[in-house]
Amino acid sequence: MKTWPYARIIAHRGGGTLAPENTLAGLRKAKELGFSGVEFDVMLAADATPILMHDETLERTTSGTGAIAATAYRDMLKLDAGSWYSREHAGEPVPSFERAGALCVELGLWANIEIKPAKGYDAETGRAAAQLARALWSGAPLPPLLSSFQPAALAAAKAAVPELPRGALTGSIPPDWQSWMRALGCVSLHCDYRLLLPQQARAVREAGYWLLCYTVNDPEIARVLFGWGVDAIVTDRLDLIAPDFS
């Protein structure tokens, strides 16, 4: 297996705990701190616009209410996605994936794009995210890595844009993980570090796949995981785990 070609330390949801999640401000914060890789979530609004959002509802991270899948993006543009985090970020918009991806390319940020479909929209979200990612990163030095917990979303991404690399997201690594990886054409397995055993890490690497762990916020745990052969970690603590962490 080739050496992991992407960022080893990846900023979770843009700026981790140092900026409102899944926002342009978060992406800029990651760049400001010297990170070269970010992770964020892509979901479809009611009008099929891919946006950056983790939850299926607006309440937690915006001034709005209701389901993402029932709200058109033009209505989301009226919302505040930063005040929940701090007064400094009041008025931060809900970004479209198109705008966020363009900013990543402008800033030279590689991205792990988590396809995060609202319930019932797996295939549509996977297809839309993959197609737009291909267009946005066309000509970039490194293509983005698409990942998802939903096999149907990854299958749709594979069918639409087979050339973009894919990663399978899971909590614990299931016994049949290798057949799952082969079926979806994945290059990497992404798991919850708390549920990973060293022998599993070794098995993934020996099978020829890359291994990424989320969400690692303790430097000592990060060192242990890298010692097990983990290729990359996603972290919220951009203040504790620097881009050049070793």
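Everything discussed here concerns the structure shown above.
Residues numbered from 1 in each chain as written. Predicted model: local features only at pLDDT ≥ 70, side-chain atom pairs only at ≥ 80, totals over all residues. Heavy atoms only, no water.

Please explain the pairing of strand β5 (residues 145–148) as it appears in this structure.
Each regular strand carries side chains that alternate between the two faces of the sheet. Alternating residues of β5 divide into Leu145 and Ser147 and Leu146 and Ser148, and every residue in both groups is buried. With three bridges connecting them, strand β4 (residues 110–115) and β5 associate as parallel partners. Its bridge partner being in β5, Ile113 is matched across the sheet by Leu146. Between the parallel elements β4 and β5, the chain passes through helix α4 (residues 122–136) in a crossover that is right-handed. In this sheet, strand β6 (residues 166–169) lies alongside β5 in parallel orientation, the contact comprising three bridges. (Buried < 20%, exposed > 50% of the residue type's maximum accessible area, 1.4 Å probe, protein only. Helix = DSSP H or I, 4+ residues; strand = E, 2+ residues; numbered from the N terminus. Pairing = 2+ DSSP bridges. Right-handed = clockwise from strand over helix to strand, strands pointing away.)

Explanation requested: the pattern of salt bridges in the structure shown.
Side chains that differ in sign of charge can pair as their charged atoms come close. For the structure on display, the rule yields 12 salt bridges. For Arg13, the salt bridge identified is with Glu21, shortest N-O distance 3.1 Å. The two residues Arg13 and Glu21 agree in class, both being buried. Among the salt bridges present, the one from Arg13 reaches Asp41, with a minimum N-O distance of 3.8 Å. Of the two residues, Arg13 sits in the loop between β1 (9–11) and α1 (24–32) while Asp41 sits in strand β2 (residues 37–44), which places them 28 residues apart along the sequence. (Salt bridge = Lys/Arg side-chain N within 4 Å of Asp/Glu carboxyl O.)

Teacher, can you tell me more about the packing of α4 against helix α5 (residues 151–160) here?
Between two packed helices, the angle of one axis relative to the other and the distance separating the axes together describe the packing. Relative orientation of the contacting elements α4 and α5 amounts to 40°, with a least axis distance of 7 Å. Considered as vectors, α4 and α5 are oriented oblique to each other. Classified by chirality, the crossing of α5 by α4 is right-handed. Taking contact as the criterion, the partners of Asp122, Ala123, Gly126, Arg127, Ala130, Gln131 and Arg134 in α4 are, on α5, Ala152, Ala153, Ala156, Ala157 and Ala160. Taken together, the residues that form the contact of α4 with α5 break down as seven nonpolar, two polar and three charged. (Axes fitted to C-alpha atoms, helices over the stretch in contact; angles between N-to-C directions. Parallel < 35°, antiparallel > 145°, perpendicular 65-115°, else oblique. Left-handed = near helix turned anticlockwise from the far one by under 90°. Contact = heavy atoms within 4.5 Å. Nonpolar A, V, L, I, M, F, W, Y, C, P; charged D, E, K, R; others polar.)

In this structure, what is going on with the nonpolar core? I would like to understand it.
The nonpolar side chains of a soluble globular protein tend to be buried with one another. With 55 residues, the main nonpolar core has Phe40, Phe97 and Ile233 as its most contacted residues. For this core, the element with the highest residue contribution is α4, accounting for five residues. Here Phe40 is in contact with Arg13, Asn22, Leu27, Leu52, Phe97, Cys104, Ala111, Asn112, Ile113, Glu114 and Trp137, once residues within four sequence places are set aside. (Core = buried A, V, L, I, M, F, W, Y, C linked by side-chain atoms within 4.5 Å.)

Would you mind going over α1 with me for this structure?
Residue pairs three or four apart in sequence face the same way in an α-helix, which turns once every 3.6 residues. For α1, every residue scored as buried is listed here: Leu24, Ala25, Gly26, Leu27 and Ala30. Along its buried surface, α1 packs onto β1, β2 and α3 (97–107). In the segment just after α1, Gly34 is the residue with positive phi, at about 95°.

Sorry, what's going on with the packing of aromatic side chains here?
For any pair of aromatic rings, the description rests on two quantities: the centre-to-centre distance and the angle between the ring planes. Overall, the coordinates contain 11 aromatic pairs when judged by the stated rule. Plain terms: the ring middles of Trp4 and Trp110 are 6.3 Å apart, the flat faces sit at 80° to each other, and that makes the pair edge-to-face. Placement of Trp4 in the segment before β1 and of Trp110 in strand β4 is noted, with a sequence separation of 106 residues between them. Using a relative accessible area of 9% as the deciding quantity, one classes Trp4 as buried. Relative to Trp110, the ring of Tyr6 lies with its centre 4.6 Å away and its plane at 15°, an arrangement referred to as stacked. (Phe/Tyr/Trp six-rings, centres within 6.5 Å; stacked < 30°, edge-to-face > 60°.)

It is not clear to me how the side chain of Ser188 should be interpreted in this structure. Could you clarify?
If you trace the backbone, Ser188 turns up in strand β7 (residues 188–192). Using a relative accessible area of 0% as the deciding quantity, one classes Ser188 as buried. Within the structure, the side chain of Ser188 is placed 2.7 Å from the side chain of His190, a separation counted as a polar contact. Ser188 has contacts with Trp4, Leu145, Arg166, Gly167, Ala168, Met181 and Trp210, leaving out every residue within four places of it along the chain. (Polar contact = N/O pair within 3.5 Å; in protein donor to acceptor, adjacent residues only side chain to side chain.)

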